[in-house]
Amino acid sequence: MDQQKKVRVRIAPSPTGDPHVGLAYITLFNYVFSKQNAGELVLRIEDTDRTRYRRSSEERIIRSLNWLNLKWDEGPDVGGKFGPYRQSERLDIYKKYAEDLISKGKAYRCFCTPERLSQMRQKQKDEGSRFGYDGKCRNLSSEKVNSLLAQKTPSVVRLKMPEDGVIPIRDHLRGVIEIDASQLDDQILIKSDGFPTYHLANVVDDHLMQITHVIRAEEWISSTPKHVVLYQAFSWPEPEFIHLPLLRNQDRSKISKRKNPTSLDFYRRKGVLPEAMLNFLALMGWSYGEDKEIFSLDQMLEKFSFKNVSLGGPIFDIQKLLWLNQQYIQDLSEDSFIKHIQKNLFNEGYLRNLYSLTKSRLNSFDQFVDKFSFFFSGELDYQGLSILPKNRSLTDFKKVIKNLLERLDNLDNWDEKNLKEIFQNQLQEIAWKPKEYYMPIRLMTTGTKDSPPLVETLAVLGSEIVRYRLQNSLTYLSKKA
RNA sequence: GUCCCGUUCGUCUAGCCAGGUCCAGGACACCGGGUUUUCAUCCCGGCAACAGGGGUUCGAAUCCCCUACGGGACGCCA
């Protein structure tokens, strides 16, 4: 590794939904590596996809990483001299560099419509031929380009990939990987809405922000040659690439929220200690040595080396995470133990939310914990509950709940008003009796038919817990059937 | 389909780079036993893996090749 330059690394989440365990995983290794080398860690928000953008997401990313006590030196929240740190605020920069490539003949405008591209792809799939852009607009005359532009024809900017030869990429963990240029097609750099794609924004920003090591997940390996070509087109030095293994579901596919709870907020709500989460994540791919499994972030900082990273994709095993958490709970001092419960379970803010929902249902306070346990627990016991409405098939029911989950996933602001709207809309669409719809949801999310008003209750419970319980009870129903 | 990456107990992994000390070590889970008036903790024990084949070598989990399997990528997503 380059000894001269100060180590600068970055994490580049896109604010599209729940902050993910994968983000924490990558952040951990970036953090450790930067600290170990007296370097700097940058948080850069990659908000270039307007359709998937969720306004609340950036704040949640920051909150989740703060929960884990992983701090960065530069970012949209703390500033820094290489800002702005949100890509949506850097559009002029990307535009300028894209124009630069066009003028150097290394990129070109493409007027192909999305329809044509998807037809092309379909045809390629049917014929079993090579996938990728066919280069239709690659050699348009400048008159043609200008006239199309004058007509305001929507266009994108594409990078001209070399037509032959091999593109070597250097991965710190895997060595040199040679990719045949024929495998690559002309990537879009600027979308028709003027926003850059990941490839352009990422390379430009990594360069301008003087990133020395790109530590990211393995799924990026196959995009790396595109990035290498971009670095070459700009005549910029490449950073060192370090691709970490991908976290996996039980079935070994890339970890996903469909098959696992992946939201950091979920684990926080469940009562996993941040120290335990970091320790667990560190164990995914890295080993401390000496048969030592329980160690602090500081201890990891002393011992960490990429040499001890293993490349097989580790399965995210919640059982082991919980065992680790248990070990950390054992070691909590009396004060920290009490503080944790007060802060996370019975904190004033949460209790205030419960006040109006629970007050009228108590004739003495000793009923509180028992009656409202679902406000404090993670998963519920569905044993003995008849969730499935009479006269509805399991298949139909599952379809409805899955659809509901999708809507909830995409909900940006988790509040009574929005929830109510989602429920009303769906109920109207499926035209079930209200009771057939609301009661199962109530059972699934609270484990009891005697709960405070549903929407208010769900609003208080929060997105992670509610979605997890819906998912969970669906699994329970499938197993039972 | 094409390309790329990977492959040690069910799971996380040590060992591999510098071949012998590995009939493969630790941890989770599981099973059994003990301590505990219950439960949990804790302690002890057990089960369980070098993907397959070929080569190199006196000797291969370790080096090389092939195959299989798993995964990822092939988007106006990141």
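What you see is a predicted model; the values in this text were computed from it and never measured. (Residues numbered from 1 in each chain as written. Chains lettered and ligands numbered in written order. Predicted model: local features only at pLDDT ≥ 70, side-chain atom pairs only at ≥ 80, totals over all residues. Heavy atoms only, no water.)

## Observations concerning the overall build of chain A
- If you tally the helices and strands in chain A, you get 19 helices and nine strands.
- Relative to the 2.2 N^0.38 estimate, which gives 23 Å for 481 residues, the radius of gyration of chain A is 26 Å and therefore close to what a compact globule would have.
- Seen along its three principal axes, the alpha-carbon backbone of chain A occupies a region of about 80 × 60 × 40 Å.
- Looking at chain A as a whole, 48% of its 481 residues are labelled buried.
- Considering only intrachain contacts with a sequence separation of at least 6, the fraction spanning at least 24 residues in chain A is 75%. (Helix = DSSP H or I, 4+ residues; strand = E, 2+ residues; numbered from the N terminus. Rg over C-alpha atoms; globule rule 2.2 N^0.38 Å. Buried < 20%, exposed > 50% of the residue type's maximum accessible area, 1.4 Å probe, protein only. Contact = heavy atoms within 4.5 Å.)

## Concerning the packing of helix α13 (residues 348-358) against helix α18 (residues 454-461)
- It is at 10 Å that the axes of α13 and α18 come closest, and there the two elements cross at 170 degrees. It follows that α13 is roughly antiparallel to α18 by the angle criterion. Seen from α13, the contacting residues are Y350, N353, L354 and L357; seen from α18, they are E456, T457, V460 and L461.
- Residues of the contact of α13 with α18, tallied by class, amount to five nonpolar, two polar and one charged. (Axes fitted to C-alpha atoms, helices over the stretch in contact; angles between N-to-C directions. Parallel < 35°, antiparallel > 145°, perpendicular 65-115°, else oblique. Nonpolar A, V, L, I, M, F, W, Y, C, P; charged D, E, K, R; others polar.)

## Thoughts on the pattern of salt bridges
- What the rule picks out here adds up to 35 salt bridges.
- With its nearest N and O atoms 2.7 Å apart, the salt bridge here joins D18 to R60. Separated by 42 residues along the polypeptide, D18 in the loop between β1 (8-11) and α1 (21-36) and R60 in helix α2 (residues 57-67) bring together distant segments of the chain.
- With a relative accessible area of 14%, R60 lands in the buried category.
- A salt bridge links R44 to D205, with the shortest nitrogen-to-oxygen separation between them at 3.7 Å. Remark: D205 occurs in helix α6 (residues 198-208) and R44 occurs in the loop between β2 (40-43) and α2; sequence separation between them is 161 residues. Comparing R44 with D205 shows no difference in burial state: the two are buried.
- Beyond isolated ion pairs, a larger network of salt bridges with shared partners links D18, R60, K257, R258, D265, R268, D409, E464 and R467. (Salt bridge = Lys/Arg side-chain N within 4 Å of Asp/Glu carboxyl O.)

## Some thoughts on helix α15 (residues 394-409)
- For α15, spanning 16 residues, the distance from its first C-alpha to its last is 22 Å, which sits close to the expected 22 Å at 1.5 Å a residue.
- All buried positions along α15 are accounted for by F397, V400, I401, L404, L405, L408 and D409.
- Against α16 (416-430), α17 (434-446) and α19 (463-480) lie the buried residues of α15. (Expected span 1.5 Å × (residues − 1).)

## Description of a nonpolar patch on the surface
- Together, I329, F337 and I338 make up an exposed nonpolar region whose accessible area comes to about 240 Å².
- Relative to the elements of secondary structure, I338 occurs in helix α12 (residues 334-344).
- Taking relative accessible area as the criterion, I338 reaches 39% and is therefore assigned partly exposed. (Patch = residues over 30% accessible without salt bridge, like charges linked within 9 Å, V, L, I, M, F, W, Y side chains within 5 Å. Areas by Shrake-Rupley, 256 points an atom, 1.4 Å probe, with all protein chains shown as cover.)

## Comments concerning the sheet that holds strand β3 (residues 107-110)
- Spatial strand order, β3-β4-β7: three strands in an open sheet with antiparallel pairing. Only two strands of the sheet have a single neighbouring strand rather than two, namely β3 and β7 (188-190). Ignoring strand direction, the axes of neighbouring strands in this sheet form an average angle of 40 degrees.
- One ladder, built from four bridges, connects β3 with strand β4 (residues 156-159); its direction is antiparallel. Paired with C110 across the strands is V156, a residue of β4.
- Most of the contacts of helix α3 (residues 91-103) go to β3, to which it runs at about 105 degrees, and overall it touches β3, β4 and β7. (Pairing = 2+ DSSP bridges.)

## Considerations on the domain arrangement of chain A
- Here the domain parsing of chain A yields domain 1 (8-89 + 247-330), domain 2 (91-238) and domain 3 (362-480).
- Here domain 1 and domain 3 have C-alpha centroids that lie 30 Å from each other.
- Taking both sides of the interface into account, the surface hidden between domain 1 and domain 3 amounts to around 1200 Å²; carbon and sulfur atoms contribute 40%.
- Summed over the shared surface of domain 1 and domain 3, the result is five salt bridges.
- We note a salt bridge from D18 to R467, for which the minimum N-O separation is 2.3 Å.
- No other element matches the four residues that helix α8 (residues 264-270) contributes to the side of domain 1 that touches domain 3. (Domains from an automatic or database assignment. Buried area = accessible area lost by both parts, 1.4 Å probe.)

## Points about the protein's contact with RNA strand B
- Not every one of the 51 residues close to RNA strand B is listed here, only the nearest: D49, K191, S192, G285 and E293.
- The sugar-phosphate backbone supplies 78% of the atoms of RNA strand B found within 4 Å of the protein.
- E218 places a polar side-chain atom, nitrogen or oxygen, 2.9 Å from a sugar or linking oxygen of RNA strand B.
- With respect to RNA strand B, the side chain of K320 contributes an N or O atom lying 3.2 Å from a base nitrogen.
- At the level of secondary structure, the elements contributing two or more residues to the surface near RNA strand B comprise α4 (114-127), β6 (175-180) and α11 (318-330).
- Tallying contributions element by element places α11 first for the surface near RNA strand B, with four residues.
- Its residues assigned to classes, the surface near RNA strand B shows 19 nonpolar, 16 polar and 16 charged. (Near = heavy atom within 4 Å. Polar contact = N/O pair within 3.5 Å; in protein donor to acceptor, adjacent residues only side chain to side chain.)

## Some points on the environment of L101
- The topology assignment puts L101 in helix α3.
- With relative accessibility at 0%, the residue L101 sits in the buried group.
- When neighbours within four sequence positions are excluded, L101 is seen to be in contact with K106, A107, L159, L189, L230, A233 and F234.

## Some details on unusual backbone geometry
- Of note, the phi angle at K152 is positive, near 60 degrees, even though the residue is not glycine.
- You can see K152 is positioned in the loop between α5 (142-150) and β4.
- A positive phi angle is found at N391, which is not glycine, with a value near 70 degrees.
- Within the fold, N391 resides in the loop between α14 (368-371) and α15.

## Thoughts on α6
- Across the eleven residues of α6, nine count as buried, placing the element largely inside the fold.
- Where α6 is concerned, the buried positions are Y198, H199, L200, A201, N202, V203, V204, D205 and D206.
- The inward-facing, buried residues of α6 abut β1, α3, β7, β8 (213-217) and α7 (224-234).

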